[in-house]
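Below are the chains, spelled out letter by letter.
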Amino acid sequence: MPKHSRTRTRRWFRLDNAALIFPAIMRRHWNNCFRLSVTLHEDVDPAVLEQAVKALEPRFPTMFVRLRTGFFWYFLEQIREPVRVQPEYAYPLTHMSRSELRKSCLRVLYFRNRIAVEFFHSVTDGTGGLIFVKNLAARYLSIKYGLEIPAEDGVLDPGEAPRPEELRDCFQECAGPRAAGGAEEKVLRLRGTPEPDRFRHLITGVVDTRALLDAAHAQGVSVSAFLAAVMAEAVQRRQAAECPPRKWKPIKITVPVNLRQLYGKDTMRNFALTVNIGFDPRDGEYSLAEICRQMTHQLAAEAVPQKMSAKIAANVNPQRSLALRLAPLPLKTLVMRLVYSARGESGGCLNVSNLGRASVPAVMEPYISRFEFIIGVQYTYPNNCSVLSYGGRTCINMIRSIRESELERLFFSRLVELGVPVEIESNERKD
């Protein structure tokens, strides 16, 4: 590949294995998107931000793309016109329409001192998105303040051409010899009163990372397992308040697993799978300590290369089928929708997605106050939770498409009981 050449021939990319499902399951008012943002100590200069976005185009070719429809498959095509930055105009993760995705699969927004990027999930996952936002912040600070920023902590060399592995669909390489089988048990479905205008409520709990680590370590588990356990306990408290024990259902939390760490890969495309971990309250009452042990043991048992390879094979093998490959796109879309409706979101109550700790080169730290990660609600999940830490603070974002806020109240109040003080921020509107 020529070094940063600007050719008028637009490159196109096959959707990676995880990305294939997202265009197929889109609805008129819903699709699968997520958001990453960086908050600076000074207000954003839109002109400089636009320069920074343009400077990233050659380094991240799979990000600056639009969704196209072929006869057999959807695909991504590089966009010719640069992405224009926009002032934040609504609530986070406003619906990306099909017409918008035909122009660009990402948005770059700014509001006061915050830069946010919203991604259609076919482009990348949270890890790839975080790398992109770090690099956007690095280019912005470099242009604005003349900083010399080293290529470390996820910041890439802007003069380097994209490495082939960054563009690769790693699912194809990591599928196991045997596909995992069997449908998961049906679990509790959270319900509520939908917002008629599709408004997304966002409540952010900002906590001290050290206090959160101490609370998790007191239970002998990781932060991800701890937060999943506290969330599962909150879900069960809500279930117990809403229906009698004879109607209780299993509680499971969907936790994404970053496969790059398991397989030593470095792709910028999707490379994560989810596991559903939890307990069945019909077996008897579980204490938080017991839920934590269940969560950490189940997560450790599932997040191993052998089991992940079997799950990957279950997704990849149908794609390799000659019959499916030759089927026209409308038929593929129908099949994928039916499969997703039957199995896609049936195994969990909601997501708890923890991206861990964001780090940047030391020269950038004085300019950045925090990073945030927000995943949208699923088609049948009215609630979701996403977590990201930076600079000793952890932002826990809970988003919902329903009016009821009881789950957030139960979850955050329980953290406070466990010695993790929470500062609450919200976009709640006054009716």
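Residues numbered from 1 in each chain as written. Predicted model: local features only at pLDDT ≥ 70, side-chain atom pairs only at ≥ 80, totals over all residues. Heavy atoms only, no water.

(A) The pattern of salt bridges, seen in detail. Here the structure, examined in full by the defined rule, presents 30 salt bridges. E233 is the salt-bridge partner of R414, the closest N and O atoms lying 2.6 Å from each other. With R414 in helix α13 (residues 406–417) and E233 in helix α7 (residues 223–242), this pair connects stretches of sequence that are 181 residues apart. Classification of R414 by relative accessible area gives buried; the value is 15%. Of the charged contacts, one joins E302 and K307 as a salt bridge, the two residues approaching to 3.3 Å between their closest N and O atoms. One continuous salt-bridge network, built from bridges that share partners, spans R35, E88, E100, R107, R114 and E118. (Salt bridge = Lys/Arg side-chain N within 4 Å of Asp/Glu carboxyl O. Helix = DSSP H or I, 4+ residues; strand = E, 2+ residues; numbered from the N terminus. Buried < 20%, exposed > 50% of the residue type's maximum accessible area, 1.4 Å probe, protein only.)

(B) Molecular detail of the environment of E173. Tracing the backbone shows E173 in helix α5 (residues 170–174). In this structure E173 comes out as partly exposed when scored by relative accessible area, which is 38%. Remark: the alpha-carbon pair of E173 and A313, spanning 140 residues in sequence, is separated by 9.9 Å. Excluding residues that lie within four positions of it along the chain, E173 makes contacts with R168 and K265. (Contact = heavy atoms within 4.5 Å.)

(C) Main features of the packing of helix α2 (residues 46–56) against helix α4 (residues 126–145). Two elements in contact, α2 and α4, have axes separated by 8 Å at closest approach and are oriented at 125°. Classified by the interaxial angle, the pair formed by α2 and α4 is oblique. Considering only the axes of α2 and α4, their crossing is right-handed. Listed contacts from α4 to V48, L49, Q51, A52, V53 and L56 of α2 are F132, N135, L136, R139, Y140, I143 and K144. For the contact of α2 with α4, a count of residues per class yields 9 nonpolar, 2 polar and 2 charged. (Axes fitted to C-alpha atoms, helices over the stretch in contact; angles between N-to-C directions. Parallel < 35°, antiparallel > 145°, perpendicular 65-115°, else oblique. Left-handed = near helix turned anticlockwise from the far one by under 90°. Nonpolar A, V, L, I, M, F, W, Y, C, P; charged D, E, K, R; others polar.)

(D) Quick peek at the packing of aromatic side chains. The tally for this structure, following the rule as stated, stands at 15 aromatic pairs. Considering the side-chain rings of F119 and F132, the 5.9 Å spacing of their centres and the 85° angle between planes classify their relative orientation as edge-to-face. Residue F119 is found in strand β7 (residues 114–120), and its partner F132 is found in helix α4; the two are separated by 13 residues along the sequence. The same class applies to F119 and to F132, which are both buried. Taken together, F34, F60, F64, F119, F132 and F373 form an aromatic cluster joined through their ring pairs. The side chain of R27 reaches across the aromatic face of Y379, ending 4.4 Å from its centre. The aromatic ring of F60 is capped on one face by R59, whose charged end is 6.0 Å from the ring centroid. (Phe/Tyr/Trp six-rings, centres within 6.5 Å; stacked < 30°, edge-to-face > 60°. Lys NZ or Arg CZ within 6 Å of the ring centre and 35° of its normal.)

(E) Looking closely at α2. Residues V48, L49, A52, V53 and L56 constitute the buried set of α2. Along the long axis of α2, the arc covered by the buried residues comes to 140°, so they all point the same way. Sitting at the head of α2, D45 places a side-chain oxygen 3.0 Å from the backbone nitrogen of A47. (Arc of directions from axis to C-beta. Polar contact = N/O pair within 3.5 Å; in protein donor to acceptor, adjacent residues only side chain to side chain.)

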